[in-house]
Amino acid sequence: MSKPNIEIPVNHEPSRETLVYTIENKLYINLTDRCTLACEFCPKIQGSMDVHEYNLLLSTRHSVEEYKAAIGDAGQYDEIVFCGFGEPTLRLKELLEIACYCKQAGVPVRVNTDGLGNLANKHNILPELAQCVDALSVSMNAQNEEVYDRHCVPALKGSYDSMLEFLRLAPQYIPDTTATAIDGLEGVDIKACEAKAKELGVKFRRRVLDIVG
Ligand code: SF4
């Protein structure tokens, strides 16, 4: 019996959704809008899918090829940053492929992450990230679990401790690792967050609410 001739339609149209966006001369990659946190300060949680003039809502999981087409010549940018309305390590395979594609163009690659990649992927992802990622920016967000849970509402048990462990391990693989916390959130002690970052052997950056990057 001959096989039925079924043609699978391939969509070559460029996506109308915001797969990548630029701020200054940095290219930001919006890999997913899913994450396991529900931070009260996140525009997504507050009902907005916009950052600057970009709408970051994604209706589907776009392919690596679509991202490569949207990026084009990665070498024209000062930096590639994985940062959208979701956690990029939830699409680890795609993240690694796209990051390696950008690295080949000689451009530095940074991943902005919630630091829960090891917990969500159930293994230490840092050796894989280290192959194509130059810098990590990890949302520590709070100096203790009680304040973290209040502001970030994690879906996965043990998120705060896992994030801290990720930060502790990260510099062994990616020396340019920075923990961040947002100044001005109720109960967040920026000085205590900074001290915790120092204790874990990573840099610290105080963030201001609503400023992406
Ligand atoms: S981790 Fe990021 S994307 Fe997820 S809810 Fe928090 S701020 Fe929003």
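Residues numbered from 1 in each chain as written. Predicted model: local features only at pLDDT ≥ 70, side-chain atom pairs only at ≥ 80, totals over all residues. Heavy atoms only, no water.

A. Examining the overall build of the protein more closely. Of the regular secondary structure elements, the protein holds seven helices and nine strands. The globule rule puts the C-alpha radius of gyration for 213 residues at 17 Å, and the 18 Å found for the protein is close to it. With the C-alpha coordinates of the protein rotated into their principal frame, the extents come out at 65 × 40 × 35 Å. Here the contacts in the protein between residues at least 6 apart in sequence split such that 78% fall between residues at least 24 apart. When the accessible surface of the protein is split by element, carbon and sulfur atoms take 50% of a total near 11100 Å². One finds the centroid of the 22 positive side-chain charges in the protein at a distance of 3 Å from the centroid of its 31 negative side-chain charges. (Helix = DSSP H or I, 4+ residues; strand = E, 2+ residues; numbered from the N terminus. Rg over C-alpha atoms; globule rule 2.2 N^0.38 Å. Contact = heavy atoms within 4.5 Å. Areas by Shrake-Rupley, 256 points an atom, 1.4 Å probe, with all protein chains shown as cover. Lys, Arg positive; Asp, Glu negative; His and termini not counted. Charge placed at Lys NZ, Arg CZ, Asp CG, Glu CD.)

B. Representation of the side chain of Thr178 within the structure. Its place among the elements puts Thr178 in strand E8 (residues 176–183). On the basis of relative accessible area, Thr178 is assigned to the buried category, the value being 14%. Every residue in contact with Thr178, bar those within four places of it in the chain, is listed here: Leu136, Ser137, Val138, Lys203, Phe204 and Arg205. (Buried < 20%, exposed > 50% of the residue type's maximum accessible area, 1.4 Å probe, protein only.)

C. Examining the sheet that holds strand E9 (residues 203–208) more closely. Sheet architecture is open: seven strands sit in the order E1-E2-E5-E6-E7-E8-E9, paired in mixed fashion. The sheet is open, and its two borders are formed by strand E1 (20–23) and E9, each paired with just one other strand. Sheet twist, expressed as the average angle between the axes of neighbouring strands with direction ignored, equals 25 degrees. Sheet topology note: the E8/E9 ladder contains six bridges and is parallel. Bridging across to E9, Ala181 finds its partner in Arg206. (Pairing = 2+ DSSP bridges. Axes fitted to C-alpha atoms, helices over the stretch in contact; angles between N-to-C directions.)

D. Focus on the confidence of the model for the protein. Of the residues in the protein, 91% have a pLDDT of 70 or more, and the chain-wide mean is 91. pLDDT under 50 marks residues 1–12. Its contacts with residues more than four places away, or in other chains, come to zero contacts. (pLDDT = per-residue confidence, 0-100.)

E. Representation of the pattern of salt bridges in the model. Using the criterion set out here, one finds eleven salt bridges in the structure. Measuring nitrogen to oxygen at the nearest pair gives 3.6 Å for the salt bridge that ties Glu97 to Lys93. On the criterion of helical spacing, the pair formed by Glu97 and Lys93 is a turn pair, its members being four residues apart in helix H2 (residues 92–104). Given a relative accessible area of 35%, Glu97 falls into the partly exposed group. Here Lys93 falls in the exposed class, since its relative accessible area comes to 57%. Taking the shortest distance from any N to any O, the salt bridge between Asp134 and Lys103 comes out at 2.9 Å. Of the two residues, Asp134 is situated in the loop between helix H4 (126–130) and strand E7 (135–139) and Lys103 in helix H2; the sequence distance between them amounts to 31 residues. Among the residues examined, Lys103 registers a relative accessible area of 30% and is labelled partly exposed. Overlapping salt bridges, with partners in common, bring together Lys26, Glu79 and Arg110 in one network. (Salt bridge = Lys/Arg side-chain N within 4 Å of Asp/Glu carboxyl O.)

F. A look at the pairing of strand E6 (residues 109–113). Most of E6 sits inside the fold, with five of its five residues counted as buried. Taking every second residue as pointing to the same face, both faces of E6 are buried, with Val109, Val111 and Thr113 on one and Arg110 and Asn112 on the other. Direction of pairing for strand E5 (residues 79–82) relative to E6: parallel, over a ladder of three bridges. Within E6, the position partnered with Ile80 by the bridge is Val109. As for the winding sense of the linkage, the β-α-β connection from E5 through H2 to E6 is right-handed. As defined by bridge partners, E6 adjoins E7 across four bridges and the pair is classed as parallel. Counted as the bridge partner of Arg110 is Ala135 from E7. (Right-handed = clockwise from strand over helix to strand, strands pointing away.)

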